[in-house]
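# Understanding the architecture of this molecule
One-letter residues, chain by chain:
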Amino acid sequence: AWTDPRWPTLDELDRACTGPDGRPVPCVIMSFDHHAAAANTAALKLAGLTPGQIVPPNGRVGTDPATGRPSGLLVEQAAYRAWEAAPEPSPSERRGFVREALRALSAHGFTEVHDLFSQDWLGPELAELERSGELPVRHVRLYPAVEALPRVHAGRSAWESSRVQLAGGKLFADGTLNSRTALMLDTYYEPLPDAPQGRWMLAQDELEAGIRLTESLGLHLAVHAIGDAAVRRVLDALQAVATRREPDNRHRIEHAEIVDEADVPRFASIAGGVVCSVQPCHLLTDIEVLRRQLPHRLHRVLPLRDLIQAGCAPTSPRGDLPLLWFGSDVPIVRPDPEDSLLASTQRRRSDQPPAAAIAWDQRLTRTEALAAFSAG
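First, a word on scope: everything that follows refers to the structure included in this document. Since the structure is predicted, the reported quantities are computational estimates derived from the model, not experimental observations.

### Describing the overall build of the chain
The helix and strand tally for the chain stands at 13 helices and 13 strands. Since a compact globule built from 376 residues should have a radius of gyration of about 21 Å, the 21 Å found for the chain is in line with a globular shape. Reported as C-alpha extents along the three principal axes, the dimensions of the chain are approximately 65 × 50 × 45 Å. A burial count over the chain gives 52% of its 376 residues as buried. For the chain, restricting intrachain contacts to residue pairs at least 6 apart in sequence, the fraction spanning at least 24 positions comes to 68%. Total accessible area on the chain is roughly 17,200 Å²; 54% of this is exposed by carbon and sulfur atoms. Across the chain, the centroid of the 40 positively charged side chains sits 1 Å from that of the 49 negatively charged ones.

Laid out in structure tokens, this is it:
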């Protein structure tokens, strides 16, 4: 376990990661937001990564500018390539991990799970747990990556049931705030040299094709978009392309951590509505980066009150699907729903003074926040 708040250097990881015989052991430490990693020399070698290497479409291997050696820092697809070089768990281990994860979520009060980057094996594993009476939640809905969706859809009859279902496909529009790759309308205070406003991670035709594909299969699209510019681009595409209007099968934007004033009403006004699926708990871990990198946009962080007033509410007077959902975002953050209840009602961590609250006027009541956890 690496408990130091700063990134370890390559030399530190090399010294720390040796076996009993003194030989180097490959080591990768994933950032909590899963968009960057630190790797030692043995892990870089195992993954075939070299200094400065670009790993399409958005990955990069960090380089120490003084020496030209790898720095050990990996971002986006470079981080995933190193992570995936590790051995996969056995089928029995994998099933045990899924079983224990579901039990942990159930213990926290969750009754429905949406897996938003589902692998091919997950549906069959869940079906086996259901058959054996070991599925502790009412429903699990799967969202594989869009490129895998046709394959998963074709084989779904082997595992799908009333409790385990294929719900849609997943795309990533931008990165994260801590990596400064969330796509913003304004420039970061300390921007990445090649991405002053973050990164757009999709070709526009890829996003539009994802919308059309999911609709053609009777499903819907979930798009990761954290920055205000990414949220706007996704809303633009949905407004231009989406044709499905059924109130129980809406497309959704995941995270929407920063939303511009002009875009708040669009979630409800776009025909059929767009679900704003947020995890307020991210505010608790993002307070420092928000204040340091985006001090001029703090008033647009998680504009929950504005969303409700614009018709994107956690309850619907018509009885159709509400438009504001809260979720856990496990494993990026811990599963305790009290974190999101705290963030949405107090807008700060519990150990901070009231003056530390971000966008205080956007707070919800606890009743409203609980309703958002039940909305989906």
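### Observations regarding the sheet that holds strand E2 (residues 36-39)
As summarised here, the arrangement of the five strands in space is E1-E2-E5-E4-E3, forming an open sheet in which the pairing is antiparallel. Every interior strand has two partners, whereas the edge strands, strand E1 (28-30) and strand E3 (54-55), have only one. Taken together, the three bridges between E2 and strand E5 (residues 70-75) define a ladder with antiparallel strand orientation. Residue pairing across strands places alanine 36 opposite valine 75, the latter belonging to E5.

### Side note on the packing of aromatic side chains
For the structure shown, the criterion picks out three aromatic pairs. A network of ring pairs unites the aromatic residues Phe110, Phe326 and Phe373 as a single cluster. Seen from the ring of tryptophan 200, arginine 233 lies directly overhead, with NZ or CZ sitting 4.8 Å from the centre.

### So, the pattern of salt bridges
It is possible for side chains of opposite charge to pair when their charged atoms get near one another. Evaluation of the coordinates by the stated rule reveals 29 salt bridges. For the salt bridge of arginine 151 with aspartate 120, the shortest nitrogen-to-oxygen distance reads 2.7 Å. Separated by 31 residues along the polypeptide, arginine 151 in helix H6 (residues 149-154) and aspartate 120 in the loop between strand E6 (112-118) and helix H5 (122-131) bring together distant segments of the chain. Overlapping salt bridges bring together Asp186, Asp228, Arg232, Asp236, Asp260, Asp263, Arg266 and Arg297 as one network.

### Some points on the nonpolar core
Membership of the largest hydrophobic core comes to 62 residues, with the highest contact counts inside it found for Leu177, Leu207, Val234, Ile253, Phe267, Leu290 and Leu324. Looking at this core element by element, the count peaks at eight residues for helix H8 (residues 228-241). Among residues more than four places away in sequence, those in contact with leucine 207 are Leu171, Trp200, Leu202, Leu221, Val223, Arg233, Val234 and Ala237. Ranked by size, the runner-up nonpolar core spans 20 residues in total, among them Phe110, Leu122, Leu135 and Val137.

### Side note on the pairing of strand E11 (residues 252-255)
The pairing of strand E10 (residues 220-225) with E11 spans four bridges and is classified as parallel. Paired with histidine 224 across the bridge in E11 is glutamate 254. Bridge count for E11 against strand E12 (residues 275-278) is three bridges, and the pairing is parallel. Directly across from isoleucine 253, in E12, lies its bridge partner cysteine 276.

Rules used throughout
- Residues numbered from 1 in each chain as written.
- Predicted model: local features only at pLDDT ≥ 70, side-chain atom pairs only at ≥ 80, totals over all residues.
- Heavy atoms only, no water.
- Helix = DSSP H or I, 4+ residues; strand = E, 2+ residues; numbered from the N terminus.
- Rg over C-alpha atoms; globule rule 2.2 N^0.38 Å.
- Buried < 20%, exposed > 50% of the residue type's maximum accessible area, 1.4 Å probe, protein only.
- Contact = heavy atoms within 4.5 Å.
- Areas by Shrake-Rupley, 256 points an atom, 1.4 Å probe, with all protein chains shown as cover.
- Lys, Arg positive; Asp, Glu negative; His and termini not counted.
- Charge placed at Lys NZ, Arg CZ, Asp CG, Glu CD.
- Pairing = 2+ DSSP bridges.
- Phe/Tyr/Trp six-rings, centres within 6.5 Å; stacked < 30°, edge-to-face > 60°.
- Lys NZ or Arg CZ within 6 Å of the ring centre and 35° of its normal.
- Salt bridge = Lys/Arg side-chain N within 4 Å of Asp/Glu carboxyl O.
- Core = buried A, V, L, I, M, F, W, Y, C linked by side-chain atoms within 4.5 Å.

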